[in-house]
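Reading the structure
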Amino acid sequence: MDLISTDIAIIGAGGAGLRAAIAVAEADPSLRVCLISKVYPMRSHTVAAEGGAAGVIKDNDSLDYHFHDTVAGGDWLCDQDAVDLFVNMAPRELLQMEHWGCPWSREASGKVAVRPFGGMKIERTWYAADQSGFHMLHTLFQTSLKYPSIQRFDEFYSTDLLVEDGRCTGTVAIEMRSGRLLAIQAQALIIATGGCGRIFPFTTNGAIKTGDGMAMAYRAGVPLKDMEFIQYHPTGLPGTGILMTEGSRGEGGLLRNKDGYRYLQDYNLGPPDPWPRLKAMELGPRDRLSQAFWHEQKKGRTISTPHGDAVLLDLRHLGEKKINERLPMVRELAQSYAGVDPVHEPIPVRPVVHYTMGGIHTDIDGATPLPGLFAAGECACVSINGANRLGSNSLTELLVFGARAGRSAAAFAKASPAVSTSAARERAEAVQKRIRDLFVRNSEIETVSGLRKTMHDTIESGAGIYRSEALLQETGRVLADLRRRYDKVQLQDRSNVFNTDLIQVLELGCMLDVAEAIAHSAARRKESRGSHQRLDHPERDDHNYLKHSLATYHASEPPTISYCDVVITRSKPAERVYGGAAA
Amino acid sequence: MSEDVTLEILRYRPELDSQPHFQTYTIPYHDDWVVLDGLNYIKDHVDGTLSYRWSCHMAICGSCGMMINGEAKLACHAFLRDYRHGVIRIEPLDHFPIERDLVIVMDSFMEKLSSVKPYVITQENKAPSDGENLQTPLQLMAFKQYTLCINCLLCYAACPQCGLNEKFVGPAALALAHRYNLDSRDEGNEQRADVVASNEGIWECTFVGACSEVCPKHVDPAAAIQQTKISASLDWFKARLLPGARR
Amino acid sequence: MSRRPYVRKVNRSWWLGQRRYVAYMIRELTSVFVGLYCGLLVLGLVRLAQGHAAWDGFLAALSSPVGVLFQVVCLAFAAYHSVTWFALTPKAMPLEVRGEPVPPGAIIGMHYGAWAVVSLIVLIAAGI
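This structure is a prediction, so every number in the text was calculated from the model and none was measured.

Each value, and the rule that gives it
- Sequence order as written defines residue numbering, which begins from 1 separately in each chain.
- Chains and ligands are labelled by the order in which they are written, letters from A for the one and numbers from 1 for the other.
- Local features in a predicted model are, by the rule used here, given only for residues with pLDDT of at least 70; side-chain atom pairs are given and counted only at 80 or more, and totals for whole chains, interfaces and linings are based on all residues.
- Side-chain figures throughout are based on the complete set of non-hydrogen atoms in the structure, without hydrogens or water.
- Per the convention used, a helix needs a DSSP run of H or I reaching at least four residues, while a strand needs a run of E reaching at least two, with both numbered from the N terminus.
- Residue exposure (1.4 Å probe, protein chains only): buried if accessible area is under 20% of the type maximum, exposed if over 50%, otherwise partly exposed.
- Any two residues having at least one pair of non-hydrogen atoms within 4.5 Å are treated as being in contact.
- Surface exposure here means Shrake-Rupley accessible area, sampled with a 1.4 Å probe, where a residue is shielded only by the protein chains that are shown.
- Charged residues are defined here as Lys and Arg on the positive side and Asp and Glu on the negative side; His and the ends of the chain fall outside this count.
- Here the site of a charge means atom NZ of a Lys, CZ of an Arg, CG of an Asp or CD of a Glu.
- Only the C-alpha atoms count toward the radius of gyration. The rule for a globule is 2.2 Å times the residue count to the power 0.38.
- Buried area adds together the accessible area that both of two parts lose upon being put together, with accessible area traced by a 1.4 Å probe.
- One speaks of a salt bridge when a side-chain nitrogen belonging to Lys or Arg is within 4 Å of a carboxyl oxygen belonging to Asp or Glu.
- Under the rule applied, a polar contact is a pair of N or O atoms within 3.5 Å (in protein, one hydrogen donor and one hydrogen acceptor; residues adjacent in sequence only if both atoms are side-chain atoms).
- Residue type decides the class: Asp, Glu, Lys and Arg count as charged, Ala, Val, Leu, Ile, Met, Phe, Trp, Tyr, Cys and Pro as nonpolar, and the leftover types, Gly among them, as polar.
- Here the rule is simple: two strands pair whenever DSSP picks up at least two bridges between them.
- Side-chain rings of Phe, Tyr and Trp (the six-membered ring for Trp) are treated as a pair once their centres are within 6.5 Å; stacked means planes under 30 degrees apart, edge-to-face means over 60, and tilted covers the remaining angles.
- Only lysine NZ and arginine CZ atoms are considered, and such an atom sits over a ring when it is within 6 Å of the ring centre and within 35 degrees of the ring normal.
- A helix is expected to span 1.5 Å multiplied by its residue count minus one.

**Some thoughts on the overall build of chain B**
- Looking only at helices and strands, one finds nine helices and seven strands in chain B.
- Principal-axis analysis of the C-alpha atoms gives chain B an extent of 75 × 40 × 30 Å.
- Relative to its 247 residues, chain B shows a buried fraction of 61%.
- Sequence-distant contacts, at least 24 apart, represent 62% of the contacts inside chain B between residues at least 6 apart.
- Accessible area of chain B: about 10,000 Å², with a carbon and sulfur share of 49%.
- The averaged location of the 32 negative side-chain charges in chain B is 5 Å from the averaged location of its 23 positive side-chain charges.

If you want it as structure tokens, here you go:
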């Protein structure tokens, strides 16, 4: 096993991780950065984001509008000081991306173009056709190649954090190609590992979104905040879960049920204008649209597909030219994976798990309660998204808080005493033993795929779009049982070289821990707010629950749930109003 | 009636195998499955030791490139229904060393990518407060298709020159260089020239054109390279005939 | 170290693996014949400079069965070479008129057009 020292270690090389690395390199080129990722950076899930990144740029827009849209969209669970900072920094970060070469779509004048997006009063979503995440990720990755101080560790799987004397001092990672362990000692460490959508059976998320960084921080004593808030994106393809971007609705796409009726008007999102009215109908917030689907399904008004019920996303009226120009990837995806050409037929869609609002508890600078540990991006919860994220805020969040965490980590690294090496090797050896134990087991009956299926079934049942006490309690029980069964999981592949069976086993362990945080946080929150909807507690309860939930890890017991205040500055909780009334 | 389909997959476990060998699996056929779904089925239910890269399952992350019946494809974009008759042969991408099973060693590509300086190079640094660079839709269109590369390496697997000369910078890296050279905001053509216009750069290309044919994103790296040959040649002449003029 | 990356050798018959590679190799082969024909033209110039007898001998050789066969083969291969070359031109020289890309067919068509014009000029100059 090897041991190296660095100044800043960053786990995760997606949008947030890359932006953080660049921020450190620009703040001080003499600081060494180790950028650790279990996949090559271009494979990070940022690449799949489609719609765009929000930032105020039009003359008829204001930071205040963006602030209010975000806070209301989050059902007032957002920390308003963080949202203020976020909307303030957003335009600057997006302009920086433009300077770095991001191919933003343009107006005829040559200025950056913006499109309407769900829950936003004025159009402010910067976009690069319908592959904004792809372009942003590649821009960040290619730009990061300029900085010699950034050293990459591609295909290294981080398993544990090193903690000594109450300070995070680094991480232990497996070099996937050889199976060797590497202990990386760092003055400061940033986790940017993304969300945990793969806990759910039906998700837009890629294979790698298994909540590894969330679990590492959680096990090291950092609470996971607001984990019950899981976003269902209203329009994913049945079966594969492939995302049909909100941008398709921003361009004027319509949602119809099996009778061809624009059903969203029945759910306080009307009137059904023929043109995309902002914050109304198809441009309402994601939680409300997904919930509408659930109701339509109960009423039997959804269509039946081989992969379950769906509604129809109708783009036909946009015409071939506009679809090819603004939504080329949507067309290609629908044709390849749903066998439907949106120019001629509507696309069957249904809600799919897409984003984790909750995550590692951080402050406005990306710092966690554990000194030396920072987090940014989907894995973190600042919180700017509250109980429901507005589309296109997340890509901007990667930039704003990735940069912020980078700068905070750099400042911390320089101001703090050097980490001591004593416990690092010992701790790394404990990790090695734990992994070796997995290899040694010979006749256990549990398989990673079997346990994963059980996890999928129970989390979908208990923590779906609508939840109830009984099902959540049952899910909690099943997950606790799964954790016991997990101790008997049998590795089928015992090689050292690129052992993806081992990685899947470790990822499953992370998912089981995070899933428990989700189930218990959801069970304790006895109200409905944003994307957390309780059939048994259908109203929002600001008196008791205008608070963030904090899940604290216990090794062989369920997590304990506590609460902390939400920062409310100038937007007092009110009713979320969408539709014509929102004008 | 349930149908089955047979996959013949090249395995290689360096600690057990002296060399790669085929292993056959039979899996259920589904009309809307892609080869990747088949591989996942094998890993989950038949043989957990099969190793391969994948993530997005929507042809955007570029992880799952492999040779399917001798043709470079993304496993998530190769539909079982197109291979229904006969055995499906799956091997790791050509022209790269095999790390393990369907996983190749990509280090050489990462270096080549870096070597073409794939980032905006300007004489002066602009701050965000200076506002955006204006770029008309026409200027964007000039380089847009070359931005679409997902680094899946199918083009390297299809290109015979990549097979014959491992130093060849290759289609994707050269297409990316072209993307930046054409971007109205970039001023770095000259700085890229010693890698791009070198013997191992564009001049190793003999316009076989296979790269563009296999590209899942229609980037057309072959076009990028031929256009670069013309512009590099013109630059060469300009530099000699008009010594004072710099690009 | 447990790693042992395996390098697969490219065998000499790589180009037989797929139709596109065979077509490519044929295309490349045609350039040999184009080169040979150029050599023939240079030889013709040399014979011309050497006087009447040499030039008549050259023309006689061209009219022999072998000579005719050679020229027919060269013509066929040169034509194939030109056709494949023209087909590739839109990639190497994308054109734009008033912001719209010129369709590839038009670019290829322009090459054929130019070829026809030049051929016509040559034929007229040759007195045909």
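**Section: the overall build of chain A**
- When helices and strands are tallied, chain A shows 15 helices and 22 strands.
- For 583 residues, the compact-globule estimate of 2.2 N^0.38 gives 25 Å, and chain A sits close to it at 23 Å.
- Dimensions of chain A, computed from the C-alpha atoms along their principal axes, are close to 65 × 55 × 50 Å.
- Among the 583 residues that make up chain A, the fraction classed as buried is 68%.
- Here the analysis covers contacts within chain A between residues at least 6 apart in sequence; of these, 75% occur between residues at least 24 apart.
- Of the roughly 17,800 Å² of accessible surface on chain A, 50% is carried by carbon and sulfur atoms.
- For chain A, the distance from the average site of its 66 positive side-chain charges to the average site of its 70 negative ones is 1 Å.

**Side note on the interface of chain A and chain B**
- Chain A puts 63 residues into the contact, and the matching count from chain B is 63 residues.
- Each partner contributes to the roughly 5,200 Å² buried at the junction of chain A and chain B, and carbon and sulfur atoms together form 53% of this total.
- Looking only at chain A, the three residues that lose the most surface to chain B are Arg43, His99 and Tyr337 of chain A, adding up to 14% of its buried area.
- Seen at the junction of chain A and chain B, the total is six salt bridges.
- With a shortest N-O distance of 2.7 Å, aspartate 107 of chain B and arginine 177 of chain A are connected by a salt bridge.
- Viewed at the interface, chain B and chain A are joined by 31 residue pairs in polar contact (both at pLDDT 80 or more).
- Looking at the side of chain A that touches chain B, the elements that each hand over two or more residues are α3 (80–99), α4 (132–144), β6 (150–154), α9 (328–338), α12 (448–462) and α14 (500–524) of chain A.
- Take the side of chain A that touches chain B: its biggest share by element is six residues, from α4 of chain A.
- By residue class, the composition of the side of chain A that touches chain B is 24 nonpolar, 22 polar and 17 charged.

**Some words on the pairing of strand β22 (residues 557–565) of chain A**
Residue and element names in this part refer to chain A.
- Pairing between strand β21 (residues 547–554) and β22: seven bridges, direction antiparallel. The residue bridging serine 549 from the neighbouring strand is tyrosine 563, located in β22.
- What sits between the antiparallel neighbours β21 and β22 is a turn of two residues.

**Some thoughts on the pattern of salt bridges**
All names here are of chain A.
- A complete count under the given rule lists 72 salt bridges over all chains for this structure.
- With its nearest N and O atoms 2.8 Å apart, the salt bridge here joins aspartate 365 to arginine 404. Here arginine 404 lies in helix α10 (residues 393–415) and aspartate 365 lies in the loop between β16 (359–361) and β17 (373–375), a separation of 39 residues in the sequence.
- Relative accessible area serves as the criterion here: at 29%, aspartate 365 is assigned to the partly exposed category.
- Glutamate 527 is the partner of arginine 525 in a salt bridge, and the nearest nitrogen-oxygen pair spans 2.8 Å.
- A relative accessible area of 0% places arginine 525 in the buried class.
- One salt-bridge network, held together by shared partners, links Asp75, Glu228, Asp287, Arg525, Glu527, Arg529, Arg540, Asp542 and Arg576.

**Regarding the side chain of lysine 225 of chain A**
Residues and elements named next belong to chain A.
- Here lysine 225 shows up in strand β10 (residues 224–225).
- The side chain of lysine 225 sits in the buried core without any salt bridge; aspartate 79 is the nearest counter-charge, 4.2 Å away.
- Not counting residues up to four positions away in its chain, the partners in contact with lysine 225 are Asp79, Gly358, Gly359, His361, Thr362, Cys381, Val382, Ser383, His548, Ser549 and Leu550.

**Observations regarding the packing of aromatic side chains**
- Using the criterion set out here, one finds 20 aromatic pairs over all chains in the structure.
- Between phenylalanine 374 of chain A and phenylalanine 412 of chain A the ring centres are 5.9 Å apart and the planes differ by 75°, which places this aromatic pair in the edge-to-face class. A residue pair is termed long-range when its members are at least 10 positions apart, and phenylalanine 374 of chain A in strand β17 and phenylalanine 412 of chain A in helix α10 qualify at 38 residues.
- The class for phenylalanine 374 of chain A is buried, based on a relative accessible area of 5%.
- Through pairs of rings, three or more aromatic residues link up here, namely Phe96, Phe109 and Tyr156 of chain B.
- Over the ring of tyrosine 65 of chain A we find lysine 121 of chain A; its NZ or CZ atom is 5.3 Å from the centre of that ring.
- Over the ring of tyrosine 180 of chain B we find arginine 179 of chain B, and its NZ or CZ is 4.0 Å from the ring centre.

**A closer look at the environment of valine 214 of chain B**
- Looking at the secondary structure, you find valine 214 of chain B in helix α8 (residues 210–214).
- When its relative accessible area of 8% is taken as the criterion, valine 214 of chain B is described as buried.
- Residues valine 214 of chain B and proline 137 of chain B, 77 residues apart in the sequence, show an inter-C-alpha distance of 28 Å.
- Apart from residues no more than four positions distant in its own chain, valine 214 of chain B is found in contact with Glu71, Ala72, Leu154, Cys155 and Ala158 of chain B together with Arg20 of chain C.

**Digging into the sheet that holds strand β5 (residues 125–126) of chain A**
All names here are of chain A.
- If you trace the three strands from one edge of the open sheet to the other, you get β3-β5-β4, paired in antiparallel fashion. The open sheet has two free edges, formed respectively by β3 (53–54) and β4 (114–115), since each of these has just one partner strand.
- When β4 meets β5, the two strands line up antiparallel, connected through two bridges. Paired with arginine 115 across the bridge in β5 is threonine 125.

**Side note on helix α5 (residues 212–219) of chain A**
Residues and elements named next belong to chain A.
- For α5, a buried count of seven out of eight residues is recorded, marking the element as mostly surrounded by other parts of the structure.
- Residues Asp212, Gly213, Met214, Ala215, Met216, Ala217 and Tyr218 constitute the buried set of α5.
- Just beyond α5, the residue with positive phi is glycine 221, at close to 100°.

**Re helix α1 (residues 15–27) of chain A**
Residue and element names in this part refer to chain A.
- The first and last C-alpha atoms of α1 sit 18 Å apart over 13 residues, in line with the 18 Å expected at 1.5 Å per residue.
- With 11 of 13 residues buried, α1 lies mostly within the body of the structure.
- Every buried residue belonging to α1 is among Gly15, Ala16, Gly17, Leu18, Arg19, Ala20, Ala21, Ile22, Ala23, Val24 and Ala25, and all of these are buried.

The values are spatial; any link to function lies outside them.
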